[in-house]
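# Structural overview for review
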Amino acid sequence: MKTVENKLNHDEDWDFYMSYVDGIIGSFLIDLGLINIVPIEDKPNVVWISINIQNPLENGLLSNEESETFYAIEDNIVDDIANQHNAIFVGRLTSDGKRQLYFYFDDTLGYDKTINHAMLKYPTYEFDFGSKEDVEWDVYLNFLYPLPNQYQMIMNDRVIRQLEQSGDNLSKERMVDHAIYFKTENDMENFISEIEKENFTVIASHQTEEKDYFLNVGRVDKVDYESVNDYVLYLWELAGKYNGDYTGWGCEVEKD
């Protein structure tokens, strides 16, 4: 995906996540950074473009062989729409043999001509498009944007990618620590009572200047994707049960 000029002065924050749409697996790409500024008053219309994948995988997603063509198609469409309509590309969904691109426009006048012109370079690809008023940015907020647990998994993946870039052996066990904030000491103590049953130990705890309670806990674990999502989501959900805010995890790099 090519980055176009950022005219909103927001911090773009693109990332992927997987989810199911009507029972079918889908791959989402979204600019998470827009969450801090939406809905944008002068961009009240959502436009989508759906392009059929010619040779999808069995699960309906894009193959490596066809991905380069779709990157080119996407760059071409995003450039033309952003430049000619001052529109914002907010994300895409790949699912069920289709890739759908989503934009927010001020005025949709002539958007169909722009899309048809951009797709002239790819005459073998079938496509469709549409638009509707979306003043509240419902498509971005309630369709494209990840659920809280999905967002936490995105954050998990980012830490794991950093570890991988440092040459980490993700299957090697090491102490993994977690940070959680609680509104009351009683909530924190109830949380501790439960996680101790799962062999987590308290590393540190204290009351902050804001009068809430900080807790740092740890356990020896692997840091591969499946393991991390398993124990982090357990702590994340349990923290919510006790009005806590799970804020992240970390560990030392362990190489072979």
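Remember, it's a predicted structure, so these values are computed and weren't measured experimentally.

### Overview of the packing of aromatic side chains
Here the structure, examined in full by the defined rule, presents 16 aromatic pairs. Centroid distance F28 to F143: 5.8 Å. Interplanar angle 70 degrees. Geometry classified as edge-to-face. With F28 in strand β2 (residues 24-31) and F143 in helix α3 (residues 138-144), the pair connects residues that are 115 residues apart, well separated along the chain. Assessed through its relative accessible area of 3%, F28 is described here as buried. Ring geometry for Y102 against F143: centres 6.0 Å apart, planes inclined by 65 degrees, an arrangement best described as edge-to-face. Placement of the pair is Y102 in strand β5 (residues 98-105) and F143 in helix α3, with a sequence separation of 41 residues.

### Focus on helix α1 (residues 64-85)
Relative to the 32 Å expected for 22 residues at 1.5 Å per residue, α1 spans 31 Å between its end C-alpha atoms, a close match to the ideal helical length. N86, located one to two residues past α1, shows a positive phi value of around 50 degrees.

### Let's talk about the sheet that holds strand β3 (residues 45-52)
Read across the open sheet, the 6 strands follow the order β1-β2-β4-β5-β3-β6; overall the sheet is antiparallel. Sheet topology places β1 (14-21) and β6 (127-133) at the edges, where each strand pairs with a single neighbour. Adjacent strand axes in the sheet meet at a mean angle of 20 degrees when their direction is disregarded. For β2 and strand β4 (residues 88-95), the ladder comprises 5 bridges, and the chain directions are antiparallel. Note that in β4 the partner of I30 across the bridge is G91. Contacts from α1 reach β2, β3, β4 and β5 within the one sheet, and its direction differs from that of β5 by about 15 degrees.

Reading the values: the criteria
- Residues numbered from 1 in each chain as written.
- Predicted model: local features only at pLDDT ≥ 70, side-chain atom pairs only at ≥ 80, totals over all residues.
- Heavy atoms only, no water.
- Phe/Tyr/Trp six-rings, centres within 6.5 Å; stacked < 30°, edge-to-face > 60°.
- Helix = DSSP H or I, 4+ residues; strand = E, 2+ residues; numbered from the N terminus.
- Buried < 20%, exposed > 50% of the residue type's maximum accessible area, 1.4 Å probe, protein only.
- Expected span 1.5 Å × (residues − 1).
- Pairing = 2+ DSSP bridges.
- Axes fitted to C-alpha atoms, helices over the stretch in contact; angles between N-to-C directions.
- Contact = heavy atoms within 4.5 Å.

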